[in-house]
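In case you want the letters, here they are:
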Amino acid sequence: MTHDHRPFGRLITAMVSPFHDDGSLNAEGAARLATYLVDEQANDTLVINGTAGESPTTSDGEKETLVRAVVEAVGDRAKVVAGVGTNDTRHTIELAAAAEKAGAHGLLVVTPYYNKPTQAGLVRHFTAVADTTGLPVMLYDIPHRSGVEITTETLVKLAEHPRIVGVKDAKGNLTATSWVKRRADLAYYSGDDALTLPLLAIGGVGVVGTSTHLCGPETKEMIEAYERGDVTTAGELHRRLLPLYTGIFKLPGTIMVKAALKVRGLPAGPVRSPLVDATDAELAELRDDCAAAGLAL
């Protein structure tokens, strides 16, 4: 099955979900943040309701509200991909239908977590979701969180589905990814900010980033430099941004991003329990990491 080479552009940010100080959803803030990410941070696509968006602690209704708010704010100039993955196939299908109705342009479906399905179970799960939606689907392969990898054979099989078009690759196994790219036509996006450039070298097309809340233009410049054959510039940008690419994950990325956005005067608000907000010392360390990457926080 032949798919669009780059179905969601080059630069995607997994957007955090802004909350009010009392922890309630800030839909207006989500629209403002999405506008900033598209107009000032150069994003081609935003992922809403991913783990960075605290999807484990938002209700189905809040998820739908977020998709609608972001589509209304930026859907005319960027794509909006809704995270709908759960460890329950039926619930995932329900979330996919709601996201499609709310105007999403695509779906991100993570490997079912904790219940550790077999590869046959993964094929059935992902296929069932793709069969019931009209939207393109990006699989999210993140075994260190889900407990199960999507193996090469499974990815090759799933690539035969006309609506399974890409992978957010957070497996950190470039050899396995290379084998998939050799055998299947899937658009690979790095799910680890620091591995974006290495992934491009084996056929990746972009990133679904977290640090890109803060360094979108620079990351996009790195990707575009590599694609035009300027490997030297791409490598220089990769090394320059490395302190932020890695520093944003010293805590769960959502915590660090929300702390940084607050400093920049952008909608973010607190994180929801069981996450806890960054301390002053942790924020100071993030400031240092940004400075080391040549960016002011």
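Residues numbered from 1 in each chain as written. Predicted model: local features only at pLDDT ≥ 70, side-chain atom pairs only at ≥ 80, totals over all residues. Heavy atoms only, no water.

**Things to note about helix H2 (residues 60–74)**
Step number 1: Here H2 is 15 residues long and its end C-alpha atoms lie 21 Å apart, about the 21 Å a rise of 1.5 Å per residue gives.
Step number 2: Taken together, the buried positions of H2 are occupied by Glu62, Lys63, Leu66, Val67, Ala69, Val70, Val71, Ala73 and Val74.
Step number 3: Of the surrounding secondary structure, the elements contacted by the buried residues of H2 are helix H1 (27–39), strand S2 (45–48), strand S3 (79–83) and helix H3 (89–101). (Helix = DSSP H or I, 4+ residues; strand = E, 2+ residues; numbered from the N terminus. Expected span 1.5 Å × (residues − 1). Buried < 20%, exposed > 50% of the residue type's maximum accessible area, 1.4 Å probe, protein only. Contact = heavy atoms within 4.5 Å.)

**What about unusual backbone geometry?**
Step number 1: Pro274 follows Ser273 through a cis peptide bond whose omega is 20°.
Step number 2: Within the secondary structure, Pro274 is located in the loop between helix H11 (253–263) and helix H12 (280–292).
Step number 3: In this model, Ala42 sits at a positive phi of 70°, which is unusual for a non-glycine residue.
Step number 4: Summarising the element assignment, Ala42 is placed in the loop between H1 and S2.
Step number 5: We note that Glu54 has phi near 60°; this positive angle belongs to a residue other than glycine.
Step number 6: Looking at the element boundaries, Glu54 is found in the loop between S2 and H2.
Step number 7: By relative accessible area, which is 3% here, Glu54 ends up buried.

**Side note on the side chain of Ser211**
Step number 1: Mapped onto the elements of the fold, Ser211 is located in the loop between strand S8 (206–209) and helix H9 (212–227).
Step number 2: What makes Ser211 buried here is its relative accessible area of 0%.
Step number 3: Here Ser211 is in contact with Asp193, Leu244, Tyr245 and Ile248, once residues within four sequence places are set aside.

**A closer look at the UniProt feature "site: Part of a proton relay during catalysis" (unreviewed entry) in the protein**
Step number 1: The feature "site: Part of a proton relay during catalysis" (unreviewed entry), as annotated in UniProt, sits at Thr51 and Tyr114 in this numbering.
Step number 2: Mapped onto the secondary structure, Thr51 falls in the loop between S2 and H2.
Step number 3: Tracing the backbone shows Tyr114 in the loop between strand S4 (106–110) and helix H4 (119–131).
Step number 4: Judged by relative accessible area, which is 76%, Tyr114 ranks as exposed.
Step number 5: Apart from residues no more than four positions distant in its own chain, Tyr114 is found in contact with Asn87 and Ser146. (UniProt positions renumbered as here; feature names shortened; annotations may be inferred.)

**Notes on the state of the cysteines**
Step number 1: Summed over all chains, the structure comprises zero disulfides.
Step number 2: The cysteine Cys290 is free of any disulfide, with Cys215 supplying the nearest cysteine sulfur at 8.1 Å.
Step number 3: The buried category is assigned to Cys290, whose relative accessible area is 0%. (Disulfide = S-S within 2.5 Å.)

**Examining the sheet that holds S8**
Step number 1: With parallel pairing, eight strands are arranged side by side around a closed barrel as S1-S2-S3-S4-S5-S6-S7-S8. Across the sheet, the mean angle from the axis of one strand to that of its neighbour is 25°, orientation sign disregarded.
Step number 2: In terms of strand pairing, strand S7 (residues 187–190) meets S8 through two bridges, oriented parallel. Of the residues in S8, the one forming a bridge with Tyr189 is Gly206.
Step number 3: Across the sheet, H2 lies against S2 and S3, angled at about 165° from S2, the strand it touches most. (Pairing = 2+ DSSP bridges. Axes fitted to C-alpha atoms, helices over the stretch in contact; angles between N-to-C directions.)

**Observations regarding the environment of His213**
Step number 1: Along the chain, His213 turns up in helix H9.
Step number 2: By relative accessible area, which is 0% here, His213 ends up buried.
Step number 3: Apart from the residues within four sequence positions on either side, His213 is in contact with Thr13, Ala14, Met15, Val16, Tyr36, Leu37, Gln41, Val257, Leu261 and Arg264.
Step number 4: Polar side-chain contacts of His213 include one of 3.2 Å to the backbone nitrogen of Val16. (Polar contact = N/O pair within 3.5 Å; in protein donor to acceptor, adjacent residues only side chain to side chain.)

**Some details on the pairing of S2**
Step number 1: Of the two faces of S2, the one lined by Thr45 and Val47 and the one lined by Leu46 and Ile48 are each fully buried.
Step number 2: Both strand S1 (residues 11–14) and S2 contribute to a ladder of three bridges, which runs parallel. Note that in S2 the partner of Ala14 across the bridge is Val47.
Step number 3: In terms of strand pairing, S2 meets S3 through four bridges, oriented parallel. Across the sheet, the residue bridging to Thr45 is Lys79, located in S3.

**With respect to the UniProt feature "active site" (unreviewed entry) in the protein**
Step number 1: Taking the numbering used here, the UniProt-annotated feature "active site" (unreviewed entry) corresponds to Tyr140 and Lys168. Their sequence span is 29 residues, while the largest C-alpha to C-alpha distance among them is just 4.7 Å; these annotated residues converge on one region.
Step number 2: Relative to the assigned elements, Tyr140 resides in strand S5 (residues 137–141).
Step number 3: Note on Tyr140: relative accessible area 8%, which makes it buried.
Step number 4: If sequence neighbours within four positions are ignored, Tyr140 has contacts with Leu108, Val109, Val110, Thr111, Ile150, Lys168 and Ala170.
Step number 5: Summarising the element assignment, Lys168 is placed in strand S6 (residues 164–169).
Step number 6: Given the relative accessible area of 7%, Lys168 is considered buried.
Step number 7: A distance of 3.3 Å separates polar atoms of two side chains, one belonging to Lys168 and the other to Tyr140.

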